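# Architecture at a glance
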Amino acid sequence: MHDQTLERAYAECRAIAKREAKNFYYSFVALPEPRRNAICAIYAFMRKADDLSDDESVSREERRRRLSAWLAEWHAASSGAETADLVFVAVHDAIARFNIPCALLDELVAGTTMDLEHAAGEVDTYSTFDDLYRYCYLVASVVGLVCIRIFGYKDPRAEKLAEETGIAFQLTNILRDVAEDAQRKRIYLPLDRLAEHNVSLQSLLHRSPAAPPTANERALLAEMAKRAEDYYGSARSLLPLIDRESRPALWVLVKIYHGLLKRIRRANYDVFSRRIRVPSFQKLEILAVGLVWMVWVRLRKAGSR
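Residues numbered from 1 in each chain as written. Predicted model: local features only at pLDDT ≥ 70, side-chain atom pairs only at ≥ 80, totals over all residues. Heavy atoms only, no water.

### A short note on a negative patch on the surface
Just so we agree on the cut-off: Every patch collects residues that have over 30% relative accessible area and no salt bridge, joining them within 9 Å if they carry like charges and within 5 Å if they are nonpolar side chains (Val, Leu, Ile, Met, Phe, Trp, Tyr). Note on areas: Shrake-Rupley with a 1.4 Å probe; residue coverage comes only from the protein chains shown. Throughout this description, the term salt bridge denotes a Lys or Arg side-chain nitrogen within 4 Å of a carboxyl oxygen of Asp or Glu. For this count, His and the chain ends are skipped, Lys and Arg are scored as positive, and Asp and Glu as negative. Where a charge lies is defined by one atom per residue type: Lys uses NZ, Arg uses CZ, Asp uses CG and Glu uses CD. Helix numbers and strand numbers start at the N terminus; a helix is a DSSP run of H or I with at least 4 residues, a strand a run of E with at least 2.
A contiguous patch of negative charge on the surface is contributed by D130, D131, D192 and E196. Of all the secondary structure elements, the ones that give two or more residues to the negative patch are helix 7 (129–151) and helix 10 (191–196). Its place among the elements puts E196 in helix 10.

### Details of the nonpolar core
To be explicit about the condition: Here, nonpolar core means buried Ala, Val, Leu, Ile, Met, Phe, Trp, Tyr and Cys residues that are tied together by side-chain atoms lying within 4.5 Å of each other. Each residue's exposure class comes from its accessible area (1.4 Å probe, protein chains only) as a fraction of the maximum for that residue type: buried when under 20%, exposed when over 50%, partly exposed otherwise. In what follows, residue pairs with any heavy atoms lying within 4.5 Å of each other are defined as contacts.
Ranked by internal contacts, the top residues of the largest apolar core, which has 109 residues, are F45, W74, V91, L132, F151, L171 and L189. Considering each element in turn, this core owes the most residues, 17 residues, to helix 7. If near-sequence neighbours (up to four positions away) are discounted, L189 is found in contact with Y126, I174, V178, L194, L204, L220, L221 and M224.

### Thoughts on a positive patch on the surface
Residues R236, K255, K262 and R266 make up a contiguous surface patch of positive charge. Here the positive patch gets three residues from one element, more than from any other, and that element is helix 13 (residues 247–266). Considering the arrangement of structural elements, one finds K255 in helix 13.

### Overview of the state of the cysteines
Operational definition: Only a pair of cysteine sulfur atoms within 2.5 Å counts as a disulfide in this structure description.
Within this structure, the stated rule accounts for zero disulfides. Between C136, a free cysteine, and C147, which holds the nearest cysteine sulfur, the sulfur-to-sulfur gap is 16 Å. On the basis of relative accessibility, which here comes to 1%, the residue C136 falls in the buried class.

### Details of helix 7
Let me state the cut-off plainly: What the bend at a residue measures is the angle between two axes, fitted to the seven residues ending there and to the seven starting there.
At Y137, helix 7 is deflected by roughly 50°, the largest bend along its length. Just past helix 7, the residue G152 takes up positive phi, approximately 95°.

### Focus on the packing of helix 3 (residues 33–54) against helix 4 (residues 60–78)
Selection criterion: With axes taken as lines fitted to C-alpha atoms, and helix axes fitted only over the stretch in contact, angles between N-to-C directions fall between 0 and 180 degrees. When an angle is under 35 degrees it counts as roughly parallel; over 145 it counts as roughly antiparallel; between 65 and 115 it counts as roughly perpendicular; any other value is oblique. Classes in brief: Ala, Val, Leu, Ile, Met, Phe, Trp, Tyr, Cys and Pro nonpolar; Asp, Glu, Lys and Arg charged; the others, Gly included, polar.
With their axes 8 Å apart at the nearest point, helix 3 and helix 4 run at an angle of 155° to one another. The angle between helix 3 and helix 4 places the two elements in the roughly antiparallel class. Contacts from F45, K48, A49, L52, S53 and D54 in helix 3 reach R63, R66, L67, W70 and W74 in helix 4. Of the residues assigned to the contact of helix 3 with helix 4, the class counts are six nonpolar, one polar and four charged.

### As for helix 4
Worth spelling out the cut-off: Expected span, for any helix, means 1.5 Å times one less than how many residues it has. Regarding the arc, it is the one traced by the directions from the helix axis to the C-beta atoms.
With 19 residues, helix 4 extends 26 Å between its outermost C-alpha atoms, agreeing within 8% with the 27 Å of an ideal straight helix rising 1.5 Å per residue. Among the residues making up helix 4, those that are buried are R60, R63, L67, W70, L71, W74, A77 and S78. The buried residues of helix 4 occupy an angular sector of 115° when projected down its axis, which confines them to one face. In this structure, the buried residues of helix 4 make contact with helix 3, helix 5 (86–97) and helix 6 (102–113). Just downstream of helix 4 lies G80, where phi reads positive at about 110°.

Next up, the structure:
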């Protein structure tokens, strides 16, 4: 692999991450360059899988076909075949450099295809929280398991904690996006929890966009937020188990996502009348702390040599 080609590949992935990653990108900046490049490569791979899955301009069957063909191209590239896809070039280098199992990337793609399992026009739902957990594992926990290999860790406990940190992030995303997902006929809140709180599927699918949540809807969302909050405890336990120079990046990511969950709770779970987000200036404040921390870690490392 020519160095110039690899640099172009990583530059392409960095550009994709900067353009699309939003919350994730703030944490990427707080990583040393080799790790940052690898994370951006994985993100670009994940972004492409999501884009193929979410392309509503074509049928679900066609989306499944395109995902399958794209995954076959990746398998060929990961086995050493020539490829013109710069994202594949970068990912191939990243998984070799950080010993990332290809099976994790296959699981990530499997997660994106779960949204395509139902026939066109059907509502995507999950019967129980265990069913939802499996989805969250594939689309978010697997990302966490890849990331900790890039971050670096020795204690095997980090793997379960990374899995549960991914669950916390994805549950936060689900809470934020309830209204938007419902418009796309996707209800990620488990059906048995809807029944427990006397919230009908149809009321979520056809509610007035500006209407505040009902008392029952608030109770349902509060239960899901409590589950997410519990999993953020795993994120706190994970932090000291990864390499020192990677901790600022993970801290930034957790701080932003946990901050989003707190904002949802402070809004009394009104995720219907507006999209709740962490303002950019607050993300930059969090990033600034992470960057100062990163510099401090590097100075200490240099001083100990």
